[in-house]
Amino acid sequence: MRCSGLKHGAVFAVSILVLGAWPLAAEGGKADIERGRYVATMMGCNDCHTPNYIMAEGKVPEALWLTGSPFGWRGPWGTTYATNLRMRLAGMTEDEWVMKAKQLKARPPMPWFNLNQMKEEDMRAFYRYVRHLGVAGADAPAYVPPNEEPNPPYATFPSPPPAK
């Protein structure tokens with residue numbers, strides 16, 4: 001009987017170890033992290049969501065990637081700021097992120113129409129990469145309506161030409 005108790009105890013201990021490691025595995029392995037880094041780079045996410053990324057020709061420490069930006073994008077829609085994706089995704093499950101990414105409609109200059117078409121496996125790899133980076137930075141400034149003057153710095157977009 002004692003042997004049986006040890007056997008059940010060992011099964012219990014192994015179960016706890018496996019279940020305890022499950023959330024780590026769900027966050028993604030090295031391949032997912034690398035794929036997510038690639039997706040962030042090739043989709044141009046850093047261009048807006050990483051401070052000074054374009055001006056530094058992409059030479060920004062990865063510790064700052066996707067932390068949002070205080071640089072505004074002003075146009076007929078008002079002034080928008082790139083979200084701190086590391087904070088935003090920390091508050092979402094992977095499935096919530098995928099649903100949001102597939103349905104997102106956002107103000108310019110966010111190319112939401114490209115994000116909506118991303119393959120689900122790439123959306124998931126991106127999520128796992130961002131979660132791998134961890135929470136960092138601060139919230140981006142709030143949206144400023146078109147009739148209000150934003151604080152600098154910002155770029156001004158001209159109104160689009162009339163439709164033909």
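See the structure printed just above.
In this report, the structure presented in the accompanying data block is examined. (Residues numbered from 1 in each chain as written. Predicted model: local features only at pLDDT ≥ 70, side-chain atom pairs only at ≥ 80, totals over all residues. Heavy atoms only, no water.)

**Description of the packing of aromatic side chains**
Centre-to-centre distance and the angle between the planes together describe a pair of aromatic rings. Applying the stated criterion across every chain yields a total of 7 aromatic pairs. Centre to centre, the rings of Trp-65 and Tyr-129 are 6.4 Å apart; their planes meet at 70 degrees, and the pair counts as edge-to-face. You can see Trp-65 sitting in the loop between helix H3 (45-49) and strand S1 (72-75) and its partner Tyr-129 sitting in helix H7 (residues 120-133), a full 64 residues away along the chain. Here Trp-65 matches Tyr-129 in class, with each residue buried. (Phe/Tyr/Trp six-rings, centres within 6.5 Å; stacked < 30°, edge-to-face > 60°. Helix = DSSP H or I, 4+ residues; strand = E, 2+ residues; numbered from the N terminus. Buried < 20%, exposed > 50% of the residue type's maximum accessible area, 1.4 Å probe, protein only.)

**Structural notes on helix H2 (residues 30-42)**
The terminal C-alpha atoms of H2 lie 18 Å apart, and with 13 residues this matches the ideal 18 Å at 1.5 Å per residue to within 8%. Restricting attention to buried positions, one finds in H2 the residues Ile-33, Gly-36, Val-39 and Ala-40. The arc enclosing the buried residues of H2, seen along the axis, measures out at 125 degrees, which places them on a common side. Of the exposed residues in H2, the ones pointing more than 90 degrees away from its buried face are Lys-30, Ala-31 and Met-42. Where the residues of H2 are buried, they touch H3 and H7. A positive phi of about 80 degrees marks Gly-44, the residue just after H2. (Expected span 1.5 Å × (residues − 1). Arc of directions from axis to C-beta. Contact = heavy atoms within 4.5 Å.)

**With respect to the sheet that holds strand S3 (residues 154-156)**
Strand order in this open sheet of 3 strands is S2-S1-S3, and the pairing throughout is mixed. Sheet topology places strand S2 (78-81) and S3 at the edges, where each strand pairs with a single neighbour. Neighbour to neighbour, the strand axes of the sheet diverge by 25 degrees on average, direction disregarded. Two elements, S1 and S2, share 4 bridges in a ladder whose sense is antiparallel. For Gly-72, the partnering residue across the bridge sits in S2 and is Tyr-81. (Pairing = 2+ DSSP bridges. Axes fitted to C-alpha atoms, helices over the stretch in contact; angles between N-to-C directions.)

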